[in-house]
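Here is how the chains run, residue by residue.
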Amino acid sequence: MVQVKNLEIGSGMPKICVPIVEEKQEQILNQAKNIEKDVVDLVEWRADFFDEAEDFGKVAQTASLLQSMLGDLPLLFTFRTAKEGGRREISFENYEGLLLHMAKSGCVDLIDVEVFRGYDKMKRKRKEWKTSDSCNQSVRQLIKELSRDAAVIGSYHDFEQTPSREEILRRLFFMDKMKVDIPKIAVMPQEKEDVICLMETTLLANRLIVDKPIISMSMGGLGAVTRIAGETFGSSVTFGCMGKESAPGQIEVNKLYQAMQLLHLNETYGE
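Residues numbered from 1 in each chain as written. Predicted model: local features only at pLDDT ≥ 70, side-chain atom pairs only at ≥ 80, totals over all residues. Heavy atoms only, no water.

For this particular structure, what's the right way to read the packing of aromatic side chains?
Two numbers describe a pair of aromatic rings. These are the distance of the centres and the angle of the planes. A full pass over the atoms with the stated rule returns four aromatic pairs. Centre to centre, the rings of F116 and Y156 are 5.4 Å apart; their planes meet at 85°, and the pair counts as edge-to-face. Placement of the pair is F116 in the loop between β6 (110-114) and α4 (134-146) and Y156 in strand β7 (residues 151-158), with a sequence separation of 40 residues. Residue F116 shares its accessibility class with Y156, and that shared class is buried. Seen from their ring centres, F116 and F174 are 5.4 Å apart, and the 25° between their planes marks the pair as stacked. Taken together, the positions of F116 in the loop between β6 and α4 and F174 in helix α5 (residues 165-177) put the pair 58 residues apart, joining distant regions of the chain. F116 sits in the buried class, given a relative accessible area of 3%. Judged by relative accessible area, which is 4%, F174 ranks as buried. Here a set of aromatic residues connected by ring pairs shows up, and it is made of W45, F50 and F77. One residue, R117, lies across the ring of Y95, its end atom 4.7 Å from the ring centre. (Phe/Tyr/Trp six-rings, centres within 6.5 Å; stacked < 30°, edge-to-face > 60°. Helix = DSSP H or I, 4+ residues; strand = E, 2+ residues; numbered from the N terminus. Buried < 20%, exposed > 50% of the residue type's maximum accessible area, 1.4 Å probe, protein only. Lys NZ or Arg CZ within 6 Å of the ring centre and 35° of its normal.)

Below is the structure:
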């Protein structure tokens, strides 16, 4: 379980996170005004959509205004790179600098880190995943520094396929070893069996990584069930949209909330 403000991630029902994916500061703040705090548990600001993302001061100012508006709702800061489905690319030096600046600003509560950044494709053999590699060392050090000021979500996104069960587990274990607070994986299904694979593997990972909540999802319409049924298979956060999606398959937040409540009541009754 991870405590962020008054929110316990990893206990009870999966928490609902709404991403903000606007380009202008005014649009970002306007969307924040419309967030229904009775439905939403936390908010993700996708700064890769922000048209002034290279101005660290402007990013921090926007986050500060967002934080004030959100009150008790935790704010997750994410710059999703193009390689993992984001709006734009960024050098590692600027990526590192931006995340550290935001952590030290005190304006965000959680920060997303792309743990496998620097690899076009991670090698599938465990022996080639060495934490002594310079790339791993840089990311590991970044996670360590960020953890002093914010909770760290370590993430990996595959918009082309669903890796094998063994591959998914290796990636989650690797994120755990990199000392993130919450490992997260999102994959794209090509067939129904891929959705089942993601759910079964998440359930197993929760039994093996017992001290950390896990976030997982199967994207697109085929994987929509994973955004609703996280309580069943062990995903601790789900992402619902208010208007624009930040990833394919996201469900409108009120519909998501209603579906999750219905499933939760049925599971409770079943006990």
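Please clarify how the environment of S236 should be interpreted in this entry.
You can see S236 is positioned in the loop between α8 (230-233) and β10 (237-241). Each C-alpha atom of the pair S236 and I182 lies 9.2 Å from the other, and the pair is 54 residues apart in sequence. If we ignore the near neighbours within four places in the chain, the residues touching S236 are I9, G10, P14, K15, P213, I214 and I215. (Contact = heavy atoms within 4.5 Å.)

Looking at this structure, how should I read the pattern of salt bridges?
Side-chain pairs of opposite charge can arise where the charged atoms are in close proximity. On inspection of all chains with the given rule, the structure shows 10 salt bridges. Residues R87 and E23 are paired through a salt bridge, measuring 3.2 Å at the closest nitrogen-oxygen approach. One end of the pair, R87, is in the loop between β5 (75-78) and α3 (92-105); the other, E23, is in the loop between β3 (15-20) and α1 (25-33), and 64 residues separate them in sequence. Its relative accessible area of 43% is what places R87 among the partly exposed residues. According to the relative accessible area criterion, E23 is partly exposed, its value standing at 34%. For R170, the salt bridge identified is with E167, shortest N-O distance 3.4 Å. Of this pair, R170 and E167 both sit in helix α5, three residues apart, roughly one helical turn. What makes E167 buried here is its relative accessible area of 1%. (Salt bridge = Lys/Arg side-chain N within 4 Å of Asp/Glu carboxyl O.)

Any chance you could explain α5 here in plain terms?
Because the α-helix completes a turn every 3.6 residues, residues three or four places apart line up on one side. Here α5 is 13 residues long and its end C-alpha atoms lie 18 Å apart, about the 18 Å a rise of 1.5 Å per residue gives. Considered for burial, the residues of α5 that qualify are E167, I168, L169, R171, L172, F174 and M175. Downstream of α5 by a residue or two, K179 has a phi angle that is positive, lying close to 70°. (Expected span 1.5 Å × (residues − 1).)

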